[in-house]
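Structural overview for review
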Amino acid sequence: MKTQIEQNGIVTLSEDVTRSLSDSELWNDDLRPTTEKEHSWSGLNFATLWIGMCLCIPAYTMASGMISLGMNWWQAIGTIFLGNVIVLIPILLNSHAGTKFGIPYPVFARLWFGSKGAHIPSLARAFVAAGWFGINTWIGTTAIDVLLSASFPAWKNLTGHTAIIFALFWALNVGVAYKGPEAIKILSLIAAPVVGVSAIILMIWAFTHAGGWGPILSTPSKFTTTGEFLKVFFPTLTGVIAFWATLALNIPDFCRYAKSQKSQMIAQSFSLPLTMSIFSFIGIAVTSATVVIFGSAIWDPVQLLAKFPPFIIFLGTIIIAMASLTINVGANIVAPARAIENLYPKRITFGIGALITGVFAILMQPWFIMSNFGNYIFGWLGTYGALLGPIDGIAIADYWLVRRRQMALKELYELNGRYNYTSGYNKNGVYALIIGVAIPVLGLIVPGLRFLWDNAWTFGLFISMFAYTYLMKGDQSVLRPGEYENITQFPSDKPIERIAE
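Within the secondary structure layout, Ile-463 lies in helix α21 (residues 456-471). For the pair Ile-463 and Trp-299, spaced 164 residues apart in sequence, the C-alpha to C-alpha distance is 38 Å. If we skip the residues at most four places from it in the chain, Ile-463 touches Ile-435, Gly-436, Ile-439 and Pro-440.

Pasting the structure below:
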């Protein structure tokens, strides 16, 4: 019997198979493959998702560190654009699997780590995301608190005012996430145009009030040789890649709802690198103008808004809260919520996973982290994110090189299926991960190999990719020639217009 149906590049399970899997320990309503009807996200939805996530305070100020290290404005923007183009490659490669088979990231991980081993990459991604969720919630809290204090002087005299903002903002983040991906889609549709238009208005204001772009855009690079530039360029490029490297792993959580491969690929290819580059340029241009207007460079948009009249501050507070909410919910809650849900699919839902993520973020005490060990923790989390490159490499190698985009979808949800491997673990995935992490770490131990650590994400990705491909040669879990066709039905009737759009 054909267990799965492929039409217009989208694979779904037959109704009979879906009913038979409903009692499986690996199945619940959130982790199951999406149905034909649920493939409803258009290219516009993916564009607004990325635009909404990119329009955030860290993206606005991203170029500031590069300029402080000696780059001029176009070198900084070029590095940001190149880094986002590079990270776009694994994002699109992993998006294909989510779109074609309608599976979330933890289920995708079962393919290359096994039904139990999938917890390793899922929880690794979740730990970083939960940490960033707490930190970004605190950043959003302090931004809102500063703006409210500037607009309403009595606010800063209220006992516990920061704690009140944190509690409300935390609840808002978790509340939106609890509603699931559809709520995130709606939030992105609202936030992207509002924040985007606001950024353009801010740039126009800066240009007109400064009578031009200001001195930063005319300042030359401090590097006198190519070698001097490259010493700063490569570590900085790795940092830019690491900014979205975590989402490159769990992008199937969103792409499983895509209408087609074409729509999600085109939308993501344009929206991510262009939005990050343009928004970073706006940050540079506005900051350059503040040198003329206020006598010093103001990189922080919160500090800049605090200099405006109360009504503008109030509007700015809403916009910054919206921007912080969009990136936090989209980039930092979905992954840990799915990972927690995957621990016990029959008892834990996505909503419960989101609540647990929120509680875990509070237990990490982000206010303590930011006040005492901010630089160290940010560096540690950034490094941890870069070291997720080996997991990206394994995912890409498994889907594209080992299985060649073919899998028995039903068996991802069966304890005795081919993707259970040995006692639920694929040892080849574990070995490839260890190799992909260990070799870049040598750069911390051997001074002459420092370049391995400075480019840990890139080296880890390729090392684990080649190691996994080699180790998986002849593995019994790989479908044999013709086996995919034996389990897949290819309808010859009228194409599904909704999906083909």
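This part takes up unusual backbone geometry. Unlike most non-glycine residues, Gln-365 shows phi in positive territory, near 50°. Residue placement: Gln-365 occurs in the loop between α15 (350-363) and α16 (366-372). The backbone of Ser-423 shows a phi angle near 55°, a positive value even though the residue is not glycine. Relative to the helices and strands, Ser-423 resides in the loop between α18 (389-402) and α19 (427-445). By relative accessible area, which is 56% here, Ser-423 ends up exposed.

With that settled, consider the packing of aromatic side chains. Under the defined criterion, the tally for this structure stands at 25 aromatic pairs. Residues Trp-27 and Tyr-413 carry aromatic rings whose centres are separated by 5.0 Å and whose planes lie at 65° to one another, so their mutual orientation is edge-to-face. In this pair, Trp-27 sits in the loop between α1 (15-21) and α2 (43-54) while Tyr-413 sits in the loop between α18 and α19, placing the two residues 386 residues apart along the sequence. Pair check on accessibility: Trp-27 and Tyr-413 agree, each one buried. Seen in terms of ring centroids, Tyr-105 and Trp-112 are 6.3 Å apart; in terms of plane orientation they differ by 50°. Their pairing is tilted. The same class applies to Tyr-105 and to Trp-112, which are both buried. Each residue in the set Phe-101, Tyr-105, Phe-108, Trp-112, Phe-113, Tyr-399 and Trp-400 is aromatic and connected to the rest through ring pairs, giving one cluster.

Neighbouring strands of a sheet are bound in pairs by backbone hydrogen bonds; such pairs are parallel or else antiparallel. Across the sheet, which stays open at both edges, the 3 strands sit in the order β2-β1-β3 with mixed pairing between neighbours. Whereas interior strands pair on both sides, the edge strands pair on one side only; in this sheet they are β2 (10-13) and β3 (488-489). Relative to β3, strand β1 (residues 4-7) runs parallel, the two being bridged by 2 bridges. Paired with Gln-4 across the strands is Thr-488, a residue of β3. Across the sheet, helix α4 (residues 73-101) touches β1 and β2, and the angle it forms with β2 is around 45°.

Moving on, we get to the environment of Arg-450. When you line up the elements, Arg-450 lands in helix α20 (residues 450-454). A relative accessible area of 38% means that Arg-450 is categorised as partly exposed. C-alpha separation for the pair Arg-450 and Pro-440, spaced 10 residues apart in sequence, amounts to 8.5 Å. Those residues in contact with Arg-450, other than ones at most four positions away along the chain, are Gly-443 and Leu-444.

To continue, consider the packing of helix α5 (residues 105-113) against helix α6 (residues 119-151). Two numbers describe how α5 lies on α6: the axes approach to 8 Å, and their chain directions differ by 140°. For the element pair α5 / α6, the angle class is oblique. For the pair α5 and α6, the contacting residues are Tyr-105, Pro-106, Ala-109, Trp-112 and Phe-113 in the first and Ile-120, Pro-121, Ser-122 and Arg-125 in the second. Among the residues making up the contact of α5 with α6, the classes are represented as 7 nonpolar, 1 polar and 1 charged.

Attention now moves to the pairing of β1. Where β1 and β2 come together, 4 bridges link them in antiparallel fashion. Bridge pairing links Gln-7 to Ile-10 in β2. Following β1, the chain reverses through 2 residues before pairing antiparallel with β2; Asn-8 in that reversal takes a positive phi of roughly 55°.

This brings us to the packing of α5 against α18. At their nearest, the axes of α5 and α18 sit 10 Å apart, and the two run at 75° to each other. Considering their axes alone, α5 and α18 lie roughly perpendicular with respect to each other. Between α5 and α18, the residues in contact are Tyr-105, Phe-108, Leu-111, Trp-112 and Phe-113 and Ile-391, Ile-394, Ala-395, Asp-398 and Tyr-399, respectively. For the contact of α5 with α18, the residue count by class is 9 nonpolar, no polar and 1 charged.

What follows covers the nonpolar core. Among the nonpolar cores identified, the biggest contains 140 residues, and Trp-50, Ile-103, Trp-112, Trp-244, Phe-254, Leu-272 and Leu-412 are the most heavily contacted of them. Counting residues per element, this core draws most heavily on helix α9 (residues 226-250), at 11 residues. Once residues lying within four places of it in the same chain are set aside, the contact partners of Leu-412 are Leu-26, Ile-103, Val-107, Arg-110, Leu-111, Met-407 and Tyr-419.

Now for the pattern of salt bridges. Side chains bearing opposite charge may pair, as long as their charged atoms lie close to each other. On inspection of all chains with the given rule, the structure shows 12 salt bridges. The residue Arg-32 makes a salt bridge to Asp-29 at a minimum N-O spacing of 2.8 Å. Look at Asp-29 and you get exposed, because its relative accessible area is 57%. The network of salt bridges with common partners includes Glu-411, Arg-418, Arg-480 and Glu-483.

On the surface, Phe-81, Val-85, Ile-266, Phe-270, Leu-274 and Ile-278 cluster together to form a nonpolar patch covering roughly 530 Å² of accessible area. Elements with a minimum of two residues in the nonpolar patch: α4 and α11 (261-294). Top element by residues in the nonpolar patch is α11. It accounts for 4 residues. Tracing the chain through its elements places Phe-81 in helix α4.

This next bit is on the side chain of His-96. Within the secondary structure layout, His-96 lies in helix α4. Of the residues examined, His-96 reaches a relative accessible area of 15% and is grouped as buried. Here His-96 is in contact with Gln-261, Gln-264, Tyr-399, Trp-400 and Arg-405, once residues within four sequence places are set aside.

All right, on to the state of the cysteines then. Applying the stated criterion across every chain, the model contains 0 disulfides. No disulfide involves Cys-56; its sulfur sits 7.1 Å from that of Cys-54, the nearest cysteine. For Cys-56, a relative accessible area of 4% gives the class buried.

What counts and what doesn't
- Residues numbered from 1 in each chain as written.
- Predicted model: local features only at pLDDT ≥ 70, side-chain atom pairs only at ≥ 80, totals over all residues.
- Heavy atoms only, no water.
- Helix = DSSP H or I, 4+ residues; strand = E, 2+ residues; numbered from the N terminus.
- Contact = heavy atoms within 4.5 Å.
- Buried < 20%, exposed > 50% of the residue type's maximum accessible area, 1.4 Å probe, protein only.
- Phe/Tyr/Trp six-rings, centres within 6.5 Å; stacked < 30°, edge-to-face > 60°.
- Pairing = 2+ DSSP bridges.
- Axes fitted to C-alpha atoms, helices over the stretch in contact; angles between N-to-C directions.
- Parallel < 35°, antiparallel > 145°, perpendicular 65-115°, else oblique.
- Nonpolar A, V, L, I, M, F, W, Y, C, P; charged D, E, K, R; others polar.
- Core = buried A, V, L, I, M, F, W, Y, C linked by side-chain atoms within 4.5 Å.
- Salt bridge = Lys/Arg side-chain N within 4 Å of Asp/Glu carboxyl O.
- Patch = residues over 30% accessible without salt bridge, like charges linked within 9 Å, V, L, I, M, F, W, Y side chains within 5 Å.
- Areas by Shrake-Rupley, 256 points an atom, 1.4 Å probe, with all protein chains shown as cover.
- Disulfide = S-S within 2.5 Å.

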